[in-house]
Amino acid sequence: MSDYKSPETRILPEITDESRAFWTGGERGELLIYKCLDCQGLIHPPAPACYHCQSINVAPRPVSGRATVAAKTINVHSFNPAMPSPFSVAIVELEEDSSTRLTTNVIGCPPESVQIGMKVQVEFEHYEDVWVPVFRPVAS
Ligand SMILES: [Zn+2]
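Residues numbered from 1 in each chain as written. Predicted model: local features only at pLDDT ≥ 70, side-chain atom pairs only at ≥ 80, totals over all residues. Heavy atoms only, no water.

1. What about the overall build of the protein?
Alright, step 1. The helix and strand tally for the protein stands at 1 helix and 8 strands.
Alright, step 2. When the helices and strands of the protein are placed in sequence order, the string is α-β-β-β-β-β-β-β-β.
Alright, step 3. Relative to the globule expectation of 14 Å for 140 residues, the C-alpha radius of gyration of the protein, 15 Å, shows essentially globular dimensions.
Alright, step 4. With the C-alpha coordinates of the protein rotated into their principal frame, the extents come out at 45 × 35 × 25 Å.
Alright, step 5. Sequence-distant contacts in the protein: of pairs separated by 6 or more residues, those separated by 24 or more amount to 53%.
Alright, step 6. Where the 11 positive side-chain charges of the protein centre and where its 17 negative ones centre are 5 Å apart. (Helix = DSSP H or I, 4+ residues; strand = E, 2+ residues; numbered from the N terminus. Rg over C-alpha atoms; globule rule 2.2 N^0.38 Å. Contact = heavy atoms within 4.5 Å. Lys, Arg positive; Asp, Glu negative; His and termini not counted. Charge placed at Lys NZ, Arg CZ, Asp CG, Glu CD.)

2. Remarks on the side chain of S55
Alright, step 1. Inspection of the secondary structure assignment puts S55 in the loop between strand 2 (42–43) and strand 3 (58–63).
Alright, step 2. On the accessibility criterion, S55 (11% relative accessible area) is buried.
Alright, step 3. At 2.5 Å, the side chain of S55 forms a polar contact with the side chain of D38.
Alright, step 4. Engagement of the side chain of S55 in a polar contact is seen with the backbone nitrogen of N57, the distance being 2.9 Å.
Alright, step 5. Apart from residues no more than four positions distant in its own chain, S55 is found in contact with C36, D38, A49 and C50. (Buried < 20%, exposed > 50% of the residue type's maximum accessible area, 1.4 Å probe, protein only. Polar contact = N/O pair within 3.5 Å; in protein donor to acceptor, adjacent residues only side chain to side chain.)

3. Focus: the sheet that holds strand 3
Alright, step 1. Strand order across the open sheet formed by 3 strands is 2-1-3, with antiparallel pairing between neighbours. Each edge of the open sheet carries a strand with a single partner, namely strand 2 and strand 3.
Alright, step 2. Taken together, the 6 bridges between strand 1 (residues 31–36) and strand 3 define a ladder with antiparallel strand orientation. The residue of strand 3 that forms the bridge with L31 is V63. (Pairing = 2+ DSSP bridges.)

4. Things to note about unusual backbone geometry
Alright, step 1. The residue after H44, namely P45, is reached through a cis peptide bond having omega 5°.
Alright, step 2. Residue placement: P45 occurs in the loop between strand 2 and strand 3.
Alright, step 3. Even without being glycine, Q54 reaches a positive phi, approximately 70°.
Alright, step 4. On the secondary structure map, Q54 appears in the loop between strand 2 and strand 3.
Alright, step 5. When its relative accessible area of 57% is taken as the criterion, Q54 is described as exposed.

5. What to know about the coordination of the zinc ion
Alright, step 1. On the protein side, the zinc ion has C36 (SG), C39 (SG), C50 (SG) and C53 (SG) as donor atoms, found 2.3 Å from it.
Alright, step 2. Read in sequence order, the donor residues for the zinc ion give the motif C-x2-C-x10-C-x2-C. Residue C36 is located in strand 1, and its partner C53 is located in the loop between strand 2 and strand 3; the two are separated by 17 residues in the primary sequence.
Alright, step 3. Given the relative accessible area of 0%, C36 is considered buried.
Alright, step 4. The exposure class of C53 is partly exposed, given its relative accessible area of 33%. (Donors = N, O, S within 2.8 Å, 3.2 Å for Na, K, Ca; no water.)

6. Concerning the packing of aromatic side chains
Alright, step 1. A full pass over the atoms with the stated rule returns 1 aromatic pair.
Alright, step 2. With centroids separated by 4.9 Å and ring planes inclined at 80°, the aromatic side chains of F22 and W23 adopt a geometry described as edge-to-face. With respect to burial, F22 and W23 carry one shared label: buried. (Phe/Tyr/Trp six-rings, centres within 6.5 Å; stacked < 30°, edge-to-face > 60°.)

Following this line, the structure appears as structure tokens:
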């Protein structure tokens, strides 16, 4: 078992109309990513128009939450006493579309054990009115 504990708090995002679904879908356990309802392309960060086909017929839709680590680093500087370092910072590619990438934290394992290509699954850390998507390695 990991000794990972959620930080007591973190610097929270400013929620906009477009980003609200992304930051609050975790309340229902859903990772919500904007999707173009015309060309089916995923759009992240959320935007009012599709950058694949320019359609404005876009809306947040749940994705599986499964992803693969594409890049990683370890933060060793303590920016926030409530979020002890070292911790992992990673870019993950969504299973549905590897060009849709999220910058996140990989939790539940030592930061030095995070590897490119590692399969991960979303979880959410709840602070105030925000559910921050983080990712945990999938047991192989
Ligand atoms: Zn489109």
